[in-house]
Amino acid sequence: MAAIDILLSLAIPALIVVHLLVAPYTKVEESFNIQATHDILVYGTPTSNIYERLSSRYDHFDFPGAVPRTFIGPVLLAGISQPIIALVGFQHAQLIVRGVLGLLNTGALWAFKSSVERAFGKSTARWYALLQLSQFHILFYASRTLPNMFAFGLTTLAFSQIFGKPDKKSRVRGYRLAIANLTMATAVFRSELAILLITVTLYGLVRSHISLIQIIPTFLVFFTISLSLSIPIDSYFWQKPLWPELWGFYYNAVLGSSSEWGVSPWHYYFTSAIPKILTNPLSTTVLIPYALCNTGTRKQTLPLVIPSLLFVAIYSLQPHKEARFIFYVAPPLTAAAALAADYIFTRREKSITFLIASAAIVGSVLVSFGLSTVMLIISSLNYPGGEALSALRNLVTSSSSSDLQTVMVHTDVLSCMTGVTLFGQHPYPPNDERPANEITFNYDKTEDENTLRSPSFWEKFDYVLAEDPAKVIGPWETVGVVEGFAGVEIARPSTPSKDGIESGRDRIFGRGSLVRRAKDSIRALTGGWWVGPRMEPKIHMLRKMREGEARRAVTE
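The rules we used
Residues numbered from 1 in each chain as written. Predicted model: local features only at pLDDT ≥ 70, side-chain atom pairs only at ≥ 80, totals over all residues. Heavy atoms only, no water. Helix = DSSP H or I, 4+ residues; strand = E, 2+ residues; numbered from the N terminus. Buried < 20%, exposed > 50% of the residue type's maximum accessible area, 1.4 Å probe, protein only. Expected span 1.5 Å × (residues − 1). Phe/Tyr/Trp six-rings, centres within 6.5 Å; stacked < 30°, edge-to-face > 60°. Lys NZ or Arg CZ within 6 Å of the ring centre and 35° of its normal. Salt bridge = Lys/Arg side-chain N within 4 Å of Asp/Glu carboxyl O. Pairing = 2+ DSSP bridges. Contact = heavy atoms within 4.5 Å. Core = buried A, V, L, I, M, F, W, Y, C linked by side-chain atoms within 4.5 Å. Axes fitted to C-alpha atoms, helices over the stretch in contact; angles between N-to-C directions. Parallel < 35°, antiparallel > 145°, perpendicular 65-115°, else oblique. Left-handed = near helix turned anticlockwise from the far one by under 90°. Nonpolar A, V, L, I, M, F, W, Y, C, P; charged D, E, K, R; others polar. pLDDT = per-residue confidence, 0-100.

Visitor: Where do I start with unusual backbone geometry in this structure?
Guide: Keep in mind that most residues, glycine aside, have a negative phi and that most peptide bonds are trans. With a phi angle near 45°, asparagine 49 is a residue other than glycine that sits in the positive phi range. Along the chain, asparagine 49 falls in the loop between α2 (31-43) and α3 (50-57). At serine 208, a position not held by glycine, the phi torsion is positive, near 60°. Tracing the chain through its elements places serine 208 in the loop between α10 (193-206) and α11 (212-238). A residue is classified by how much of its surface remains accessible, and serine 208, at 48% relative accessible area, is partly exposed.

Here is the structure:
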């Protein structure tokens, strides 16, 4: 393998890790799996008094979510992560857990890249790697504990098996492996992948790559295996007979309840989501259409594009749409774009048209890398809850007097939705030995509006993380503010410099303080011009002011 191929392959996990480190916190969509992994690592799997021990310790009994989710992913992550965490320390557990998922998805992308190389040659595989590496969404989400990203590895492995097979026997074997992976992804992680299973199967049947008699046994075997894993494990953790994806299918498809989270037009996936996922402006407008129309690439392109776009078309009937629901089609569509890019680039010396097109493709890859970098920076500014929790813990532990041994903290809804996790709340397992003067943090995540209106409710807290300080009843002082992304700002030399927080910049924590310093430095160099993120207060860090109290937990 040439050095360039090794570098391109290693760049996949490297950039996934970079995205993880730049944006280490999580959003609410990831919360079930990250909290469940924490609970498995910390509390284990009891064999006696199971209901009592699970219900009193595991987070999902207090916050079950709209539909129950499978524990297969968290069990897998906890099992792989545990020895690594034991080696490096539990304070790094969240990064390790997410890193493990990112590396699992890396393995799937490596397998797909290898299939592209075997089927279409090294140069096409290199274009695939460049196009994939310049996409923001897949690299950013590869380590995020969404159910979609647990399924992503299986769907990517499935796609790697349905193209480039030289003979009938290998095509049958490939489709069987694809059906096996898609069946497990559907039954365990995302029920809507039944659509992709159907489109891939139909394509194989229509093209005579496989017969129905060869499909049915594979499907039944792996469907049975999936249920034999999901039902016992999930029934144990939820303490009731349960197949989670059946519940998910009933909630989303039968009841149509997913529409409560928003409705998008039928064309959203084609006109918005796919162009965003592929990032490169030429992929959807030029490269994929060219690969389909050009006689030299059409045959290779069809198994990559037809099942993918048919899946997206059928899934577009579902009113609620999010880009992450169709991440699975990114690798095959990117491979189709790579086929066209390679075809054009290898003919750059044959005509001026191919030369200009080749230059445009190279330029588009560079532009895509730039766009992805900007999107990563902006996305990293959307986790004020995680930043506020980290900043508060640092403030309290570094500033408090020795008589403050236990701290009660209330985290509001926005904080919990934008980065507060059990890993962040408890960076050390409860049974670990701690220094005698170690401060204990206890947390509350009450959401009930009636409870929050009661003055007596707030008496027990020492600190609060709140989006709106006016809703926090009692004598409180703001000890810090964490800002979040609020759009793009264009500041001219005549634009006055605004702090946004009247009391001074030293009270801004997290990425907001970095943006402020960058803005001031750049405006000094450009004569007052600035084009960049506009930040606004998102989470206020409040400290209880108690009558007659001599100590101050935080010095302003």
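After that view of the structure, there is still more to cover.
Visitor: Looking at this model, I keep getting lost on helix α5 (residues 93-120). Mind explaining?
Guide: Residues spaced three or four apart along an α-helix face the same direction, because each turn holds 3.6 residues. The terminal C-alpha atoms of α5, which comprises 28 residues, lie 40 Å apart, in line with the 40 Å expected from a rise of 1.5 Å per residue. Phi for glycine 121, located one or two positions after α5, is positive at around 105°.

Visitor: Got a minute to help me understand the packing of aromatic side chains in this structure?
Guide: In this description, a pair of aromatic rings is defined by centroid distance and the angle of the planes. Within this structure, the stated rule accounts for 30 aromatic pairs. Between tyrosine 236 and phenylalanine 237, the ring centres sit 4.9 Å apart and the planes meet at 85°, which makes this aromatic pair edge-to-face. Through pairs of rings, three or more aromatic residues link up here, namely Phe32, Tyr43, Tyr58, Phe71, Tyr236, Phe237 and Trp238. Above the ring of phenylalanine 345, the side-chain terminus of arginine 348 is found at 4.1 Å from the ring centroid. Stacked on the ring of phenylalanine 441, the Lys or Arg arginine 393 has its end atom at 4.3 Å from the ring centre.

Visitor: For this particular structure, what's the right way to read the pattern of salt bridges?
Guide: When the charged atoms of two side chains lie near each other, side chains of opposite charge can form a pair. According to the stated counting rule, one finds twelve salt bridges in the structure shown. For lysine 544, the salt bridge identified is with glutamate 459, shortest N-O distance 3.8 Å. A residue pair is termed long-range when its members are at least 10 positions apart, and lysine 544 in strand β6 (residues 530-544) and glutamate 459 in the loop between α22 (455-458) and β3 (463-466) qualify at 85 residues. By relative accessible area, which is 4% here, lysine 544 ends up buried.

Visitor: How should the pairing of strand β4 (residues 476-491) be read in this particular structure?
Guide: Both faces of the sheet carry side chains from a regular strand, because those side chains alternate between them. By the bridge criterion, 13 bridges tie β4 to β6 in an arrangement that is antiparallel. Bridging from a neighbouring strand, glutamate 477 pairs with arginine 543 of β6. The pairing of β4 with strand β5 (residues 508-509) spans two bridges and is parallel. Counted as the bridge partner of valine 481 is isoleucine 508 from β5.

Visitor: Just to check I follow, could you spell out the side chain of threonine 156 for this structure?
Guide: Positionally, threonine 156 belongs in helix α8 (residues 147-159). Setting aside chain neighbours within four positions, we find threonine 156 in contact with Ala108, Leu109, Phe112 and Pro331.

Visitor: Can you help me understand the nonpolar core in this one?
Guide: Side chains of a nonpolar character, in soluble globular proteins, are inclined to be buried together. Ranked by size, the top nonpolar core spans 97 residues in total, and within it Leu304, Phe311 and Ile326 carry the most contacts. With ten residues, the single largest contributor to this core is helix α16 (residues 330-345). Once you skip the residues sitting within four places of it in the chain, isoleucine 326 turns out to touch Tyr269, Ala273, Ile274, Ile277, Phe311, Val312 and Tyr315.

Visitor: How should the sheet that holds β3 be read in this particular structure?
Guide: Note on sheets: strands pair through backbone hydrogen bonds, and any given pair is parallel or antiparallel. Reading across from one edge, β2-β1-β3-β6-β4-β5 is the order of the six strands in this open sheet, with mixed pairing throughout. A strand with exactly one partner marks an edge of an open sheet, and here the two such strands are β2 (440-444) and β5. Bridge count for strand β1 (residues 406-411) against β3 is three bridges, and the pairing is parallel. Residue pairing for β3: valine 409 is matched across the bridge by tyrosine 463. Each of β4, β5 and β6 touches helix α23 (residues 511-526); the most contacted strand, β6, lies at about 145° to it.

Visitor: How should I be thinking about the packing of helix α6 (residues 122-133) against α16 in this particular structure?
Guide: The relative placement of two packed helices is expressed as an angle between their axes plus a distance between the axes. Direction vectors running N to C along α6 and α16 enclose 125°, while the axes themselves pass 8 Å from each other. Regarding the angle of α6 to α16, the classification is oblique. The interaxial crossing formed by α6 with α16 has right-handed handedness. Contact residues: Ser123, Thr124, Trp127, Tyr128, Leu131 and Gln132 in α6; Ala330, Pro331, Thr334, Ala335, Ala337, Ala338, Leu339, Ala341, Asp342 and Phe345 in α16. Across the contact of α6 with α16, the residue classes tally to eleven nonpolar, four polar and one charged.

Visitor: Teacher, can you tell me more about the environment of tyrosine 290 here?
Guide: Tracing the sequence through the fold places tyrosine 290 in helix α14 (residues 281-293). A relative accessible area of 27% means that tyrosine 290 is categorised as partly exposed. A C-alpha to C-alpha distance of 27 Å links tyrosine 290 and glutamate 322, two positions 32 residues apart in sequence. What tyrosine 290 contacts, discounting residues up to four positions off in sequence, is Thr297, Ala340, Tyr343, Ile344 and Phe354.

Visitor: How should I be thinking about the confidence of the model for the protein chain in this particular structure?
Guide: Detailed conclusions should not be drawn from predicted coordinates in areas where pLDDT is low. Across the protein chain, pLDDT averages 92, with 94% of residues at or above 70. The model gives residues 550-556 a pLDDT under 50, and that stretch makes 21 contacts with residues more than four places away or in other chains.

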